[in-house]
Amino acid sequence: MSNNIQPVFILPEDTRRTSGRDAQHNNIMAAKAVAQAVRTTLGPKGMDKMIVDAAGDVIVTNDGVTILKEMQIEHPAAKMIVEVAKTQEEAVGDGTTTAVVLAGELLKRAEDLLEQEIHPTILAKGYRLAEEEAQKILQEITEKVSINNDLLLRNIAITAMTGKGAESSKEKLADLLVQAVKSIAETKNNIVTVDISDIKVEKRIGGRADSSSLISGLVIDKERIHPSMPKKVEHAKIALLDAALEIKNTEIDAKIQITDPSQLNSFLEHEERTLRLMVDKVKESGATVLFCQRGIDDIAQHFLAKAGILAVRRVKKSDLEKLSRATNARIISNWKELTSADIGYAGLVKEEKVGEEEMIFVEQCQNPKAVTILVRGGTEHVAEELKRAVTDAVGDLAAALREGTVVAGAGAVEMELAKRLRVFSRTLFGREQLAVQAFADALEIIPRTLAENAGLDPIDVLTKLRVAHDQGQRWAGINVFSGEVMDSWAAGVIEPLKIKTQALSSAAEVAELILRIDDVILGGPSKQSLPPNAMQQRMDGMM
Ligand code: ADP
Ligand code: MG
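Conventions we followed
- Residues numbered from 1 in each chain as written.
- Chains lettered and ligands numbered in written order.
- Predicted model: local features only at pLDDT ≥ 70, side-chain atom pairs only at ≥ 80, totals over all residues.
- Heavy atoms only, no water.
- Core = buried A, V, L, I, M, F, W, Y, C linked by side-chain atoms within 4.5 Å.
- Buried < 20%, exposed > 50% of the residue type's maximum accessible area, 1.4 Å probe, protein only.
- Contact = heavy atoms within 4.5 Å.
- Helix = DSSP H or I, 4+ residues; strand = E, 2+ residues; numbered from the N terminus.
- Near = heavy atom within 4 Å.
- Polar contact = N/O pair within 3.5 Å; in protein donor to acceptor, adjacent residues only side chain to side chain.
- Areas by Shrake-Rupley, 256 points an atom, 1.4 Å probe, with all protein chains shown as cover.
- Salt bridge = Lys/Arg side-chain N within 4 Å of Asp/Glu carboxyl O.
- Pairing = 2+ DSSP bridges.
- Axes fitted to C-alpha atoms, helices over the stretch in contact; angles between N-to-C directions.
- Parallel < 35°, antiparallel > 145°, perpendicular 65-115°, else oblique.
- Left-handed = near helix turned anticlockwise from the far one by under 90°.
- Nonpolar A, V, L, I, M, F, W, Y, C, P; charged D, E, K, R; others polar.

**Student:** Please explain the nonpolar core as it appears in this structure.
**Tutor:** The biggest cluster of nonpolar side chains holds 75 residues, and the ones touching the most others in it are Leu-68, Ile-81, Leu-123, Tyr-127, Leu-421 and Phe-439. Setting aside chain neighbours within four positions, we find Leu-421 in contact with Ala-130, Glu-133, Ala-134, Ile-137, Val-436, Phe-439, Ala-440 and Leu-443. Counting 37 residues, the second-largest nonpolar core is a separate cluster that includes Ile-147, Ala-160, Leu-176 and Val-181.

**Student:** How should I be thinking about the environment of Gly-95 in this particular structure?
**Tutor:** By the element assignment, Gly-95 lies in the loop between helix H3 (76-91) and helix H4 (96-115). Separated by 405 residues in sequence, Gly-95 and Lys-500 have C-alpha atoms that sit 7.8 Å apart. Leave out the neighbours within four places in its chain, and Gly-95 touches Gln-88 and Ile-499.

**Student:** Help me understand the site of ligand 1 in this model?
**Tutor:** Looking at ligand 1, there are 21 residues lining it, with Asp-94, Thr-97, Thr-98, Ala-410 and Glu-495 nearest. In the model, an oxygen atom of ligand 1 is placed 3.4 Å from a nitrogen or oxygen of the Thr-41 main chain. Here an oxygen atom of ligand 1 and a side-chain polar atom of Asp-94 are 2.7 Å apart. Surface burial for ligand 1 is 95%, taken as the share of its 580 Å² of free accessible area covered by protein chains.

**Student:** What is the right way to read the pattern of salt bridges from this model?
**Tutor:** Side-chain pairing between opposite charges can occur once the charged atoms of the two side chains come close. Overall, the coordinates contain 36 salt bridges when judged by the stated rule. Of the charged contacts, one joins Lys-32 and Glu-111 as a salt bridge, the two residues approaching to 3.1 Å between their closest N and O atoms. Residue Lys-32 is located in helix H1 (residues 20-39), and its partner Glu-111 is located in helix H4; the two are separated by 79 residues in the primary sequence. With its nearest N and O atoms 3.1 Å apart, the salt bridge here joins Glu-105 to Arg-109. Residue Glu-105 and its partner Arg-109 are located together in helix H4, separated by four residues, close to a single helical turn. Classification of Glu-105 by relative accessible area gives buried; the value is 7%. Note on Arg-109: relative accessible area 24%, which makes it partly exposed. Through salt bridges with shared partners, one network takes in Lys-203, Glu-380, Glu-384, Glu-385 and Arg-388.

**Student:** Help me understand the environment of Leu-401, please; the structure alone is not making it clear to me.
**Tutor:** Mapped onto the fold, Leu-401 is located in helix H11 (residues 380-403). Separated by 257 residues in the primary sequence, Leu-401 and Lys-144 have C-alpha atoms spaced 9.5 Å apart. Those residues in contact with Leu-401, other than ones at most four positions away along the chain, are Ser-146, Ile-147, Leu-153, Val-181, Val-192 and Val-194.

**Student:** Would you explain the pairing of strand E3 (residues 58-61) in this entry?
**Tutor:** A regular strand places its side chains so that they alternate between the two faces of the sheet. Side chains Ile-59 and Thr-61 of E3 all project onto a buried face; the interleaved residues Val-58 and Val-60 project onto a face where none is buried. The sheet contact formed by strand E2 (residues 49-52) and E3 spans four bridges and is antiparallel. Residue pairing in the sheet places Ile-51 in a bridge with Ile-59 of E3. In textbook terms, the turn of a hairpin is the stretch between consecutive antiparallel strands, and for E2 and E3 this stretch comprises five residues, one of which, Gly-56, has a positive phi near 90°.

**Student:** I keep staring at the packing of helix H5 (residues 120-141) against helix H12 (residues 412-425) and nothing clicks. Help me out?
**Tutor:** Describing two packed helices takes the angle between their axes plus the distance from one axis to the other. The interhelical angle for the contact between H5 and H12, taken along N-to-C directions, is 125°, at an axis separation of 10 Å. As the angle between them shows, H5 and H12 are arranged oblique. In this structure, H5 crosses over H12, and the sense of that crossing is right-handed. For the pair formed by H5 and H12, the contact residues are Leu-129, Ala-130, Glu-133, Ala-134, Ile-137, Leu-138, Glu-140 and Ile-141 on the first element and Val-413, Glu-416, Leu-417, Arg-420, Leu-421 and Phe-424 on the second. When the residues that make up the contact of H5 with H12 are grouped by side-chain class, the tally is 10 nonpolar, no polar and four charged.

**Student:** Explain the sheet that holds strand E19 (residues 494-496) here, please?
**Tutor:** With antiparallel pairing, three strands are arranged side by side in an open sheet as E4-E16-E19. Each edge of the sheet is formed by a strand with only one pairing partner; in this case those strands are strand E4 (143-144) and E19. Of the pairings in the sheet, the one linking E4 to strand E16 (residues 405-408) comprises two bridges and is antiparallel in character. Bridging from a neighbouring strand, Glu-143 pairs with Val-406 of E16. Docked against the sheet, helix H17 (residues 497-515) engages E16 and E19, running at close to 60° with respect to E19.

Dropping the structure here:
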């Protein structure tokens, strides 16, 4: 027996591993890099980013989550921060930049404390305490909003669209949005429910943003498939099909050997018969309008037109689902199964020109709550960004009405929270106190960034804001145009409370999660993860 100690390998040879302080440092760097990438877009004076994807498609946007989704981030900790933005998007629809910037700042402040030899678990615990307290404070300082307060609702919509593509016509759009949300909101026992799937936001290229409109019913970005189909159907009976009205190759899979011309004829006749059968089935069901998710064969188109049916093909799945909700039609996946029981109703279906192209309008629906906001923009990029801003505003209005609570923005709510958290920290001892203070300091990243993006001196602005809050001006925020302190509430910078509660909880959660990691094992030869400095370089190109 030899006394040589053999090294023990428990991981494959090509595994990369970092641990301890290095791992923490790496993760925090990556998280900060993500926050840095979106920070310049925050607020009314935030800048836009242009992202070109692998296929060469260009997106110009100011929307945090859109930027991060398009960036194809690979670092594992950075991905966790991207998740924060996605969660925010799902929960509220707005505030994605805020959540990410906050998460980055929490980690940055944590790093300073780690360097002072404060243990990560104590830090994580302090952050948890601070977050819980912050949620309590938010409940204390929040203001109420009701469905009848049009002015407040309008301000929520305007705040959401400030500094976005919708800037120039935000007043007009805000009116449309308030009208839309009010028309779909339902009040029962003082509880307001808003189902945003009742609101469709459709874009149309051509025309100015202020020619956007609200349509009660659905607008589908398609046209009828055959010119001799009716352009307008009243008392429409609607069939929804998610299968093709075509003879699929798979159905005639067997090889056909044709030895004389009559055989070819009979084969074609058979095809035509089948297509006619399909159309007959649609006719029998009583449908006068057909929306099909897939293709419709030329011959079938001809038969449909002859039957006086208005048919639309290649309708998006999401549109088919919306049509189903709006008209009470059932989506059928096999044409053979279509019966009159599956048919839905709309008072009017028509094709109409909007801008350069035709669109299908489905109005006076069975479910009167279905509405469409048709946003118009001069070019594809403008229309897309406008649609994103409008969608954010819809999310904010819904969140505000559902919970009935709002706060004033422009940094006001974050400053007030920071102030009260510092008071709270004095009730704690030792290192937890430091962690809570760091949390409070981190919140000030929001007004600081708003100021920086507006070209103002952040130190000046923060000092003024602190003084105002110490004097009891709860809603003192930053006027990004003058650099002075303003009463954000009076100025109409209003946001749903939900943006803030959600951003706080997910930012704190991810910060705690990342702080607790002290070992990163990158396994598998195929997983080529980037070290954060490589990612930083990539991102620098974007900033
Ligand atoms: P997010 O993705 O977080 O929603 P935004 O770019 O929409 O990022 O910026 C939101 C921030 O801008 C909020 O802190 C909000 O209070 C602030 N904000 C919005 N309108 C104004 C305004 N008129 N003046 C100052 N700040 C504003
Ligand atoms: Mg926003």
